[in-house]
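Structural characterization, general
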Amino acid sequence: MTTKHHIPFIKYRLLFIGLSALVFAAAVVTIATKGLNYGIDFKGGAKLAYKFDRPVTEGEVRDAIVGAVEGTPSVVRFGEESENRMSIKVSLPEEHAKVGEQITSALEAKFGPGSAVLEKEETVGPRVGKELRNKAILATIFSWLLMMVYIAYRFEFVYAPGAFLSLVHDTVITVGIFALLQKEVDLTILAALLTLIGYSINDTIVVFDRIRENRHRISPTTIWDVVNDSINSTISRTIITSLTLFLIVLVLFLKGGGTLHDFAFCMIIGVVIGTYSSIFVASPIYIGTYHYWPKVRAIWSKK
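The following refers to the structure shown.

So, how was this worked out
Residues numbered from 1 in each chain as written. Predicted model: local features only at pLDDT ≥ 70, side-chain atom pairs only at ≥ 80, totals over all residues. Heavy atoms only, no water. Axes fitted to C-alpha atoms, helices over the stretch in contact; angles between N-to-C directions. Helix = DSSP H or I, 4+ residues; strand = E, 2+ residues; numbered from the N terminus. Parallel < 35°, antiparallel > 145°, perpendicular 65-115°, else oblique. Left-handed = near helix turned anticlockwise from the far one by under 90°. Contact = heavy atoms within 4.5 Å. Nonpolar A, V, L, I, M, F, W, Y, C, P; charged D, E, K, R; others polar. Core = buried A, V, L, I, M, F, W, Y, C linked by side-chain atoms within 4.5 Å. Buried < 20%, exposed > 50% of the residue type's maximum accessible area, 1.4 Å probe, protein only.

Observations concerning the packing of helix 7 (residues 187-213) against helix 8 (residues 223-255)
Here helix 7 crosses helix 8 at 150°, and the two axes come no closer than 8 Å. Considering their axes alone, helix 7 and helix 8 lie roughly antiparallel with respect to each other. Handedness of the crossing formed by helix 7 with helix 8: right-handed. For the pair helix 7 and helix 8, the contacting residues are Y199, N202, D203, V206, V207, R210 and I211 in the first and V227, S230, I231, S233, T234, R237, T238, T241, S242 and L245 in the second. Within the contact of helix 7 with helix 8, the residues separate by chemical class into seven nonpolar, seven polar and three charged.

Following this line, the structure appears as structure tokens:
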């Protein structure tokens, strides 16, 4: 097989594996020490949508309600600026049926009677939020495992560890960045993470499929060159696909407004890391598995 690209990706595999391990460890430490800034979906609270009869700023709305609720409320504009709509999130120690009435009263006290119309209210109790948080963690772990099972079934087992570890790598680093910046993690971010897992495995499958097409050339002495050639032969497709998706989520990040901002931010991180891991994490791990799996299988068969 000949390719028009001859970039020595595999030559620098140890450098990039070391870099990935370092960033991964930093992400784990950040998550453990700083923790995640959970949204009301995962810690309990209330989310309210208001429409105002005049132009107001997020700061004015926040100042109006800061004494009416516990903690510091989150106020984000959504929709067109001319619509004067605000999304308000507040934390609640326990379910509070009158939080909407309290916030509405505080807003009317500042902006006048009838100035703020409550269009939507969602309340999640702390117990339900904790259950959702646990289910979100399980959903992420199960998605990793199911992807590994799929790769093992669709290809061969030697491909599965690389795919699995690249997914864990992508997810943990993305979550670590959210922990570092203390960006809110809610069900929307969970949806973005699961989307990224699907994108990352798709990118990895493209490379693995090309490696499988050339498996007749693979031997312990040639596998390095075959894998490198396979990456080079798919790199144009990878760049085009990743760049297209990156530009789309960049537009969402810049123009999508507050409700889509963090979702798009998560996607931007994931697209970059997912593309990187398909080349510099999944493929080198496949090579290592190819070399050591026969030895492991031989040891296991003797037991």
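Notes on the nonpolar core
By size, the foremost hydrophobic cluster in this structure holds 49 residues, and its most contacted members are Y159, F208, I211, V227 and Y286. At the level of secondary structure, the elements contributing two or more residues to this core comprise helix 5 (126-154), helix 6 (160-181), helix 7, helix 8 and helix 9 (258-302). In terms of residue count, the dominant contributor to this core is helix 9 (twelve residues). When sequence neighbours within four positions are dropped, the list of residues in contact with Y286 reads V158, Y159, F208, I211, I218, I223 and V227. Listed in part, the 20 residues of the second largest apolar core include V56, V61, I103 and F111.

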